[in-house]
Amino acid sequence: MTQPTVAVLGTGTMGAGMVTSLRRAGLPVRTWNRDPAKAQALNGTGAEACGSPAEAADGADVVLTVLLDADAVLDVVRQAAPAAGTTWLQCSTVGVEGADRTVAAARELDLVLVDCPVLGTKEPAAKGALTLLASGRTRRAGGWPRCSTRSAPGRCGWGRRARAAG
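Worth saying up front: this structure is predicted, and the values here are computed from it rather than measured.

Overview of helix α4 (residues 70-80)
Logical step 1: Burial in α4 covers these residues: Ala70, Ala72, Val73, Leu74, Val76, Val77 and Ala80.
Logical step 2: Residues of α4 that are buried sit in contact with β1 (6-9), β2 (29-32), α3 (53-57), β4 (62-65), β5 (87-90) and α5 (95-109).

See below:
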């Protein structure tokens, strides 16, 4: 079975750790960051740094956003323009109003949105030990974020467990 390709848009403190964990789990990962050096710094993990959000998202099965705020998320996901039906794991802190805006953008772009805030910091992100609070259309998203309370640490690649949050 082919592993899904994941585009990680935002490779700051949390995104870099997530990339490291996803690669350790053997998933193909493409990265993008506003500061290209941050994405390029992850090439040693086997991730592929891309020059634009669109390049990173091209052909990706899953697009994961971990950016500063709702405005950044919406700007970048529109630049990425993932294919219709792509799973969008939105992990950035965006607030209630921002969450409403991401839902609207997912409908506009025909993406399968899984709102997925995480519990943890830099170290748990790098160790694949985040707790993922997933809400949305996880079944339609192919089971992403693909962790369960029975998963071994790091089994899903970037978190030790996922909790259905709505």
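Concerning the packing of α4 against α5
Between two packed helices, what matters for the description is the angle formed by their axes and the separation of those axes.
Logical step 1: Interhelical geometry of α4 versus α5 gives an angle of 10 degrees and a closest axis separation of 10 Å. Classified by the angle their axes make, α4 and α5 are roughly parallel. Within the contact between the two elements, α4 uses Ala70, Asp71, Val73, Leu74, Val77 and Arg78 and α5 uses Gly98, Arg101, Thr102, Ala105, Glu108 and Leu109.
Logical step 2: Residues that form the contact of α4 with α5 fall into these classes: 6 nonpolar, 2 polar and 4 charged.

Thoughts on the environment of Asn33
Logical step 1: In this structure, Asn33 sits in the loop between β2 and α2 (36-40).
Logical step 2: Once residues lying within four places of it in the same chain are set aside, the contact partners of Asn33 are Gly10, Thr11, Gly12, Lys38 and Ala39.
Logical step 3: A distance of 2.7 Å separates a polar side-chain atom of Asn33 from the backbone nitrogen of Thr11.

Overview of unusual backbone geometry
Logical step 1: Of note in this structure, Ala81 is not a glycine but carries a positive phi near 45 degrees.
Logical step 2: Topologically, Ala81 is positioned in the loop between α4 and β5.
Logical step 3: Of note in this structure, Asp110 is not a glycine but carries a positive phi near 60 degrees.
Logical step 4: Within the secondary structure layout, Asp110 lies in the loop between α5 and β6 (112-115).
Logical step 5: Look at Asp110 and you get partly exposed, because its relative accessible area is 41%.

Some points on the state of the cysteines
Logical step 1: In the structure shown here, the tally under the stated rule is 0 disulfides.
Logical step 2: Here Cys116 is not disulfide-linked; the sulfur of Cys91 is the nearest cysteine sulfur, at 4.5 Å.
Logical step 3: Exposure remark for Cys116: the relative accessible area of 0% places this residue in the buried category.

Cut-offs used in this document
- Residues numbered from 1 in each chain as written.
- Predicted model: local features only at pLDDT ≥ 70, side-chain atom pairs only at ≥ 80, totals over all residues.
- Heavy atoms only, no water.
- Buried < 20%, exposed > 50% of the residue type's maximum accessible area, 1.4 Å probe, protein only.
- Helix = DSSP H or I, 4+ residues; strand = E, 2+ residues; numbered from the N terminus.
- Contact = heavy atoms within 4.5 Å.
- Axes fitted to C-alpha atoms, helices over the stretch in contact; angles between N-to-C directions.
- Parallel < 35°, antiparallel > 145°, perpendicular 65-115°, else oblique.
- Nonpolar A, V, L, I, M, F, W, Y, C, P; charged D, E, K, R; others polar.
- Polar contact = N/O pair within 3.5 Å; in protein donor to acceptor, adjacent residues only side chain to side chain.
- Disulfide = S-S within 2.5 Å.

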